[in-house]
Amino acid sequence: MRSPRLFSLLLLAVLLCLPFGVAQEPRKRNPFVQPPFGRRPAEKKAEPAAEAKDFANKPTAEQVRFFEAKIRPVLVEQCYKCHATDSEKIRANLTLDTRQGIRSGGDTGPTIVPGHPQKSLLIDVMTTKESERMMPPKQRLSDEVIADFKKWVEMGAPDPRDGVARVVVKNDIDIEKGKQFWSFQHPSKTKITISDAKGKSEVDRILADARVAKGLTTVAPADPVALIRRLYVDLIGLPATAEQVEAFVRNPTPEAYANVVDELLASPHFGERWGRHWLDVARYAESTGKAVNFNYPHAWRYRDYVIAAYNADKPFDLFVKEQLAGDLLTAKDDRDREENIVATGFLAIGSKNINERNRLQFELDLVDEQIDVFSQAFLGITAACARCHDHKFDPIPTKDYYALAGIFRSTETCYGTIRAVQGQHPSPLMTLPDSGIEDGLKPLSKSEVERLEKQLADLRQELRDLQRKSIQDSFLSVNGVRLRIQTATIEGRLSQYEKDGTPKRLAMGTRERFRTFNSPVYGRGEPDKPGEVVSRGFLQVMTDRQPTIRRGSGRMELANWVASPDNPLTARVYVNRMWLHLFGRGLVNTPDNFGTTGSAPSSQMLLDHLALRFMNDGWSTKKLIKELVSTEAYQLATTYEPKNFERDPENSLLWRMTPERLDAEVIRDALLAVAGNLNRSPAKGSPVHANGEGYAIPRGRPALFGGPPPEDTHRSVYLPIVRDNVPESLTLFDAADPNLIVGNRVNTTVPAQALFLMNNPFVIKQSDLVASKLITNFGSDSQRIREAYRMVYGRNPTNAEVETSEAFVAKYSARHTRRETWTAFAQALFGSAEFLMRN
């Protein structure tokens, strides 16, 4: 019975896609418009792709950063002695110091098969157990380094190097010349000259000026149905109901529109939608990731802090200061103090290789990750690329990197985790004041405490007995490892409670270390190659005078510098992020890279105007968003116009609104909302919090304590995000990878997405709930079809759609029950372009 059902669903989905979405557009199309399913447009290839057949000849900015941070340093340190163009003797005629050399290979053939690490000689010699073939020959590379190389090959081996070999990468950086680059100069207000744009906002006038210069004209405004649905999705991430759509359609005036904007900005769901955007950038997750995945039971507090900050319209300059130095800010009461501490979780929630044996290496890697997220998130600069050598592309010398490193090395990062066989670097957590905020962790009863304490005592005794029997190998035996893991896990869980079973109030965050110090410059980033010691400070290219840091880590000075109106990048980077989320493309289309390898702004005048306006308006996110959604540009239709497309195929000057597929979280939340199954209240805590310290639970495995969690119908922003185990409903639709800083999500179209919508039990359940409502509340097929369209699309169907739907229902019901028929019908609507696209 499955095949006819699948065929019918596919047929109806295709039919439903025809009247709208992208199916009508001619072959020559905007590469940023993605169809819901099927083959990707030829203009935009998936990247990175596991099935890549070709080398990545035009590396993205993210791929360049990955190569510079993970691949080049290993090649330089481990390979160049024997495999560089200036080696005394080039072994096997293989050179690895140029892009051409590493791809061409040597005597034994090509070293890389792009997209296939298992077929690549380079990976084979790194992983082989045959000593005569192993490379490097004297010491096997770490599992983490090998994993990086595998990932690099899967990407298509992106390599920014040219044909000139450089064993030691050294740039003579001219800081003063570097300051001449546009993004390192302060925003300036330019006079708007266009004369035929009276009554328009300044944003629209600047865009109109640029369009005139390029011979572009805008398409017609969006119809009221499309506009109000767009607004709901963009501002709160939930679909507008039929009643909300109809209310606006009856009165689509500018005043009514402004009222809806104000209502949505005031909604608690606003913070859930826009907080998720920031969590992408902050690489939010609830585990360490890397080779050994340990829980972060208290990461959820940072998530809730971000959501609350957006709902309260916290000024962005204060938002910056709290995340970099909240523990150093003056608090007016315990609740304010708690919020400030939790905010510094921004620096603590990153991925960590807690199995690293070398403590200094672990510390330097942790600091590197903090510099990376700090510089990209707030400044749009890849400062971490200067760890091993002067930045290859931007005016950031290695000394500047270690000036920042001194600040973060003078800071204690409190992230928790237990000490275990593979957990070499546990840390304390921050203790929160008793502010009265409920955290979702239930107290343990006296009997539960006693049971856990007895378990712990028994395990400790068993471990002592094992030691007495076999002192030499007890800690290396299978039983020894098992007992140590179980002991550490229960210790970790009990550490979350007071003796009476009351949950402790703990958080991830940062605080000052007992000592502060300036950092040496480590040659090639290696901990065993310390060099010149540099004073703590900032990036020279962005400041006229370095600070004098006499006391403390320097984080407070750093936070004040970043959040200053004198900083040329902070406001620009943030307003660009807001623009991207509303218009689908940033004014700078590399939102995490405003350096020389990033995209030039499509309109620097507009970017600077918005940055200055944003700061003058008190760094208010809500004011900025209201200004942008009130523009004519935001309210344009998605109509395809061939002449405009030929002159501006990327729609950088917004002659129309670009249609986009919904974000992964919006798709899941919309399914739950339409089915009437969405729990709209904020979640309390997290399942990871309930599991406590210890090894992260793989997806699909029962929780360590209490069995598998029930289905969570809260909004997707509250789902547990465990690194390398993100929920399938999110990963399939391109949710942010929590291992990375993601300013702009990839938007792919792959068959697995269609199969998920057709076969996944979660989707079928929501479809079944819709079917139940249709059958219970409406008597005829025609009524049910019309109501289904109103529920899913927020509008009434056309006569043609009614006829197509009636034919489907009649044919499908001949071989299925009434409940199955309407479930399939609802599922087909969920799988259509109109449901999955924001037009």
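Only a predicted model underlies this, so the values are computations on that prediction, with no experimental measurement involved. (Residues numbered from 1 in each chain as written. Predicted model: local features only at pLDDT ≥ 70, side-chain atom pairs only at ≥ 80, totals over all residues. Heavy atoms only, no water.)

Draft legend 1. Molecular detail of the overall build of the protein chain. Looking only at helices and strands, the protein chain has 32 helices and eight strands in total. The buried share of the protein chain, taken over its 839 residues, is 57%. By sequence separation, contacts in the protein chain at least 24 residues apart represent 72% of the contacts at least 6 residues apart. Here the protein chain has roughly 36100 Å² of accessible surface; of this, 52% comes from carbon and sulfur atoms. (Helix = DSSP H or I, 4+ residues; strand = E, 2+ residues; numbered from the N terminus. Buried < 20%, exposed > 50% of the residue type's maximum accessible area, 1.4 Å probe, protein only. Contact = heavy atoms within 4.5 Å. Areas by Shrake-Rupley, 256 points an atom, 1.4 Å probe, with all protein chains shown as cover.)

Draft legend 2. Fine view of the confidence of the model for the protein chain. In this model, the protein chain carries a mean pLDDT of 87, and residues with pLDDT of at least 70 account for 89%. A low-confidence stretch, residues 164-170 (pLDDT under 50), is modelled with 17 contacts involving residues beyond four sequence positions or located in other chains. (pLDDT = per-residue confidence, 0-100.)

Draft legend 3. View of the side chain of Ser-620. Following the sequence through the fold, Ser-620 ends up in the loop between α21 (604-616) and α22 (621-629). With a relative accessible area of 6%, Ser-620 lands in the buried category. Reaching out from Ser-620, the side chain makes a polar contact with the side chain of Asp-313 at a distance of 2.6 Å. When residues no more than four places from it in sequence are discounted, the contact partners of Ser-620 are Asp-313 and Phe-614. (Polar contact = N/O pair within 3.5 Å; in protein donor to acceptor, adjacent residues only side chain to side chain.)

Draft legend 4. Here's a closer look at the packing of aromatic side chains. Taken as a whole and judged by the stated rule, the model has 35 aromatic pairs. For Arg-283, the ring lying beneath its charged end belongs to Phe-346, and the centroid distance is 5.5 Å. One residue, Lys-352, lies across the ring of Tyr-415, its end atom 5.0 Å from the ring centre. (Phe/Tyr/Trp six-rings, centres within 6.5 Å; stacked < 30°, edge-to-face > 60°. Lys NZ or Arg CZ within 6 Å of the ring centre and 35° of its normal.)

Draft legend 5. View of unusual backbone geometry. Cis geometry marks the peptide bond from Met-135 to Pro-136, where omega comes out at -5°. With respect to the element layout, Pro-136 can be found in the loop between α4 (121-127) and α5 (143-155). With a phi angle near 55°, Arg-524 is a residue other than glycine that sits in the positive phi range. By the secondary structure assignment, Arg-524 is in the loop between β5 (519-522) and β6 (530-534).

Draft legend 6. The arrangement of the environment of Glu-272 in detail. Relative to the helices and strands, Glu-272 is located in helix α11 (residues 268-281). Residues Glu-272 and Arg-715, spaced 443 residues apart in sequence, show a C-alpha to C-alpha distance of 8.1 Å. What Glu-272 contacts, discounting residues up to four positions off in sequence, is Ile-307, Arg-680, Pro-682, Arg-715, Val-717 and Tyr-718. Polar side-chain contacts of Glu-272 include one of 3.2 Å to the side chain of Arg-715.

Draft legend 7. Highlighting the pattern of salt bridges. Summed over all chains, the structure comprises 53 salt bridges. With its nearest N and O atoms 3.4 Å apart, the salt bridge here joins Glu-627 to Arg-613. Highlighted residues: Glu-627 in helix α22 and Arg-613 in helix α21, separated in sequence by 14 residues. Overall, the relative accessible area of 16% leaves Glu-627 in the buried class. Note that Arg-819 and Asp-768 form a salt bridge whose closest N and O atoms lie 2.8 Å from each other. In this pair, Arg-819 is assigned in helix α31 (residues 818-830) and Asp-768 in helix α28 (residues 761-777), connecting sequence segments 51 residues apart. Since its relative accessible area comes to 38%, Arg-819 is described here as partly exposed. Each of the salt bridges in this network shares a partner with another, and the network as a whole consists of Lys-189, Glu-202, Arg-613, Asp-617 and Glu-627. (Salt bridge = Lys/Arg side-chain N within 4 Å of Asp/Glu carboxyl O.)

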